[in-house]
Amino acid sequence: MAIRRIGQVLVDLGFLSDDQVETLLEEQQQRPGELFGRIAISAGLITDDQLAQALAEQMGMQVVNLSDVVISPEVLGHITEPMAQLYRIIPISFKDDVLTIAMCDPQKLSIIDELRTFLGYDIRAVVATEKDILRALDRYYAVGGESVEMLIAGMEQDEELLAAVRALEQDDTLDLTSVEALADSAPVRKLLNMVLLLAIKDHASDLHFEPFENEFKIRIRADGILYEMVPPPRHLAFAITTRIKVMADLDIAERRLPQDGRIRLTVGGHPVDLRISVLPTMFGESVVMRILDRSVVMLDLGVVGMPKTVLSDFREVIRKPNGIVLVTGPTGSGKTTTLYGALNELNSV
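Reference entry: report on the structure contained in this document. Note that this is a predicted model, so its numbers are computed, not measured.

Parameters at a glance
- Residues numbered from 1 in each chain as written.
- Predicted model: local features only at pLDDT ≥ 70, side-chain atom pairs only at ≥ 80, totals over all residues.
- Heavy atoms only, no water.
- 1 Å grid on protein atoms, 1.4 Å probe; cavity = no way out; pocket = protein on both sides within 12 Å on 5 of 7 lines; lining within 4 Å.
- Points joined across faces, edges and corners; volume = space filled by probe spheres on them.
- Helix = DSSP H or I, 4+ residues; strand = E, 2+ residues; numbered from the N terminus.
- Nonpolar A, V, L, I, M, F, W, Y, C, P; charged D, E, K, R; others polar.
- Pairing = 2+ DSSP bridges.
- Axes fitted to C-alpha atoms, helices over the stretch in contact; angles between N-to-C directions.
- Core = buried A, V, L, I, M, F, W, Y, C linked by side-chain atoms within 4.5 Å.
- Buried < 20%, exposed > 50% of the residue type's maximum accessible area, 1.4 Å probe, protein only.
- Contact = heavy atoms within 4.5 Å.
- Parallel < 35°, antiparallel > 145°, perpendicular 65-115°, else oblique.
- Left-handed = near helix turned anticlockwise from the far one by under 90°.
- Phe/Tyr/Trp six-rings, centres within 6.5 Å; stacked < 30°, edge-to-face > 60°.
- Lys NZ or Arg CZ within 6 Å of the ring centre and 35° of its normal.

Here we take up the layout of surface pockets. Estimated volume of the second largest pocket: approximately 400 Å³. Lining the second largest pocket are 22 residues, with R5, I6, G7, L25 and F36 sitting closest to its centre. If you list the elements that add at least two residues to the lining of the second largest pocket, you get α1 (6-12), α2 (18-30), α3 (36-42) and α4 (48-59). Class assignment of the residues belonging to the lining of the second largest pocket gives a composition of 10 nonpolar, 6 polar and 6 charged.

Right, dumping it as structure tokens:
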């Protein structure tokens, strides 16, 4: 069934008139990318509570007042602080493998799909006001929110996880079912999700997962500088690498040959491409992720920074029916952005 437009829902509920909706739609055309409801609030025509009620009506969801809800630490533990901040969500209950979350942007249905992929169980959404969500984020996650350090400390003491890793290490034959189960375990999934979300939040260009003889390092490259994160336990290297390969749809049984893949995510409404390179080393597989947040990067050749003469020559060359264009340069110089911009320019009917 087609979803009614939010303007029509606000009229049906008696919060706006048809003339006011027309005026707001004209205003929205002048402010591309801004949501109709936010424009109506900024114009003083509706309140936060009225918008939440209309969104719930539009999406067939319930409205919840977060100040009336008591949320246990166990429920909060299902969503990490970076994930809560990026998606602007608050977990409010967990029952029968269904996590109920409160959100102020229920029309962004992709968020529910992404959370289902990230967390591995069903998601049910209810609607809260933006003020309620922001207040709850400050209350529950600003102080004492779960960090990578806390997560790794918990993994080091997780006897069940340690036993699963040891069983795999002692088994001469690679049991793919056990490997997939280990890679899909909650601690491994949670750690990798948190690292990815932190890297995307910090606008990092690369993520490196490097196994050494006695340690497993995770490094983030942001603004050309390599930052080292708290290293996870060495015995989890195989599980984390396998989890990345599962996400990139690579062959988890192949551990002796290099593999390349790609992960496409939409994080907090931002389309993000991850290019994956897996390389066998003496101490296990090394993984490099190249991150391109397409919402941050302007995919327009005109803003890449080429001089006008070079830009006109480049545009002429990419439109030729055959040949090759070499784009070279050090990390962060704009090679991938240039190529995306070129493809974007050629992508016409």
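The rest of the description comes next.
Strand order in the open sheet formed by 3 strands is β1-β2-β3, with mixed pairing between adjacent strands. Edge positions in the sheet fall to β1 (89-95) and β3 (122-127), since each of these pairs with one other strand and no more. Shown here is a sheet whose adjacent strand axes are inclined to one another by a mean of 25 degrees, direction ignored. Sheet topology note: the β1/strand β2 (residues 98-103) ladder contains 6 bridges and is antiparallel. Note on β2: the bridge partner recorded for I90 is A102.

Within this structure, the stated rule accounts for 1 cavity of 30 Å³ or more. Looking at the largest cavity, its volume works out to about 40 Å³. As for the largest cavity, its lining consists of R38, D48, L51, A52, L55, C104, A128, T129 and E130. Here the lining of the largest cavity takes 4 residues from α4, the largest share from any one element. Along the lines of polarity and charge, the residues of the lining of the largest cavity split into 5 nonpolar, 1 polar and 3 charged.

By size, the foremost hydrophobic cluster in this structure holds 92 residues, and its most contacted members are L115, L207, F209 and I276. Not counting the four nearest positions on each side in its chain, F209 is found in contact with L192, V195, F216, K217, I218, I240, I244, E285, S286, V287 and M289. Counting 5 residues, the second largest nonpolar core, distinct from the first, contains L311, F314, I318 and A342.

We now examine the packing of helix α14 (residues 308-318) against helix α15 (residues 335-346). The contact between α14 and α15 brings their axes to 11 Å, and the two run at 60 degrees. When the axis of α14 is compared with that of α15, the two are oblique. Handedness of the α14/α15 crossing: right-handed. Contact with α14, carried on its side by F314, R315 and I318, involves T338, A342, E345 and L346 of α15 and no other residues of that element. Looking at side-chain class alone, the contact of α14 with α15 contains 4 nonpolar, 1 polar and 2 charged residues.

Moving on, we get to the packing of aromatic side chains. Per the stated rule, a full pass over the model turns up 1 aromatic pair. In this arrangement the basic side chain of K217 is found over the ring face of F212, its NZ or CZ atom lying 5.3 Å from the centre.

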